[in-house]
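Listed here are the chains, written in short residue letters.
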Amino acid sequence: MWWLRREVTDGPLAGRVPLHSMHHPFESITPNAAPPSKFLLKKEGEDEKVPAILNKEYSAWIAKDQQVLSYLLVSLSKEILLQVSNATTASEVWAGIESFFASQSRVKIISTGMALGNASKGSSTVAEYYSKMKTLANEMASAGRRQEDDEFVPYILNGLDEDFDAVVTAVAARVEPITPGELYTKMISHEQRLELRSGGSQSSVNLASCCGHGGGNQKGLRPGSGSGGNNHQNQKGGWNNNNANKDQAPF
């Protein structure tokens, strides 16, 4: 194997050998790739003492196999090359490459699946949370394990906090399955309603505080006299403050 690498580095095959210059190169990397018989079969009744004749097809197959092998070896990274350093044929190298990437894919699928299961929305927005989940799902798909809708949706629901319990309950009660896109729309809509309710509640608290303060000062006082006049002005100011909040959405 080492002399092959020296041949590739210093000999006529130095550098990468273009695959298109080889004749049917992929025949050498199939799982059942095997050379033809090394020697031609002797004819019936032929003297056994006659030396066997080398099969030219065998020589051609070996030459092509070594050419493909050389191309693979000079094209691999050091990490993968270590996994196939003992291979002597192109098919052995290719089998080692497939095994290496299959193992890497399994590790990627497991780690990404764990990340999906442990993900949570937390303080992020719906758009940020959904984008993170889609990224993880795409990573799993690139490793060879595509997430179906009925697998991906539960991951999304599992990471939602109690503010989205209504969404989780509504999805669980559906007869027809929901797509990730539909779920995203529902989550966005629910998030907007939560924001509107939060803004409207704050405005109501401010209004109640202003009105309550004015009502307390009016007791036993005439409008426009003494502290009552100031109270009337404060009450008016309270209503002006309330009018300034008209741009906030109702709850």
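Structure report, in brief. Everything numeric in this text was worked out from a predicted model, so none of it was measured. (Residues numbered from 1 in each chain as written. Predicted model: local features only at pLDDT ≥ 70, side-chain atom pairs only at ≥ 80, totals over all residues. Heavy atoms only, no water.)

## Looking at the packing of helix α5 (residues 126-142) against helix α6 (residues 149-158)
For clarity, the cut-off: Axes here mean lines fitted to C-alpha atoms, for a helix over just the part in contact, with angles spanning 0 to 180 degrees between N-to-C directions. Helix numbers and strand numbers start at the N terminus; a helix is a DSSP run of H or I with at least 4 residues, a strand a run of E with at least 2. Here the word oblique covers every angle except those under 35 degrees (roughly parallel), over 145 (roughly antiparallel) and from 65 to 115 (roughly perpendicular). In this scheme the handedness of a crossing depends on how the near helix is turned from the far one: anticlockwise by less than a right angle means left-handed, clockwise means right-handed. Contact criterion: two residues are considered in contact whenever any of their non-hydrogen atoms come within 4.5 Å of each other. Under the grouping applied here, Gly and all other residues not named as nonpolar or charged are polar, the nonpolar ones being Ala, Val, Leu, Ile, Met, Phe, Trp, Tyr, Cys and Pro and the charged ones Asp, Glu, Lys and Arg.
Two elements in contact, α5 and α6, have axes separated by 11 Å at closest approach and are oriented at 140°. The angle between the axes of α5 and α6 places the two elements in the oblique class. By crossing handedness, the relation of α5 to α6 is classed as right-handed. Contacts between α5 and α6 involve Y129, Y130, M133, K134 and A137 from the former and F152, Y155 and I156 from the latter. Per-class residue counts for the contact of α5 with α6 are 7 nonpolar, no polar and 1 charged.

## Considering α6
How we decide: Exposure classes here rest on a 1.4 Å probe applied to the protein chains alone. A residue is buried below 20% of its type maximum, exposed above 50%, and partly exposed in between. Working definition: the arc comes from the directions between the helix axis and the C-beta atoms, pointing outward to the latter.
Of the positions making up α6, those classed as buried are F152, V153, I156 and L157. Along the axis of α6, the buried residues cluster in a sector spanning 135°; they form a single face.

## Remarks on the side chain of H190
Looking at the element boundaries, H190 is found in helix α8 (residues 180-217). Apart from residues lying up to four places away in sequence, H190 is in contact with D163, F164, A166 and V167.

## Looking at the packing of helix α4 (residues 90-118) against α6
Contact pair α4 / α6: the axes reach a minimum separation of 7 Å and the direction vectors enclose 45°. Relative to α6, the element α4 lies oblique. Contacts from G113, L116 and G117 in α4 reach F152, Y155 and N158 in α6. Classifying every residue of the contact of α4 with α6 by side-chain character gives 3 nonpolar, 3 polar and no charged.

## Some details on the packing of aromatic side chains
In plain terms, the rule: Geometry of aromatic contacts follows a simple scheme: Phe, Tyr and Trp rings, the Trp one being its six-membered ring, pair when their centres are within 6.5 Å, and the pair is stacked under 30 degrees between planes, edge-to-face over 60, tilted otherwise.
Throughout the structure, instances matching the rule amount to 3 aromatic pairs. Ring centres of F100 and F101 lie 5.4 Å apart, and the angle between their planes is 85°; this geometry places the pair in the edge-to-face category. The exposure class of F100 is buried, given its relative accessible area of 12%.

## Some points on the environment of G113
Relative to the helices and strands, G113 resides in helix α4. With relative accessibility at 16%, the residue G113 sits in the buried group. Sequence separation between G113 and Q147 is 34 residues; the distance between their C-alpha atoms is 9.9 Å.

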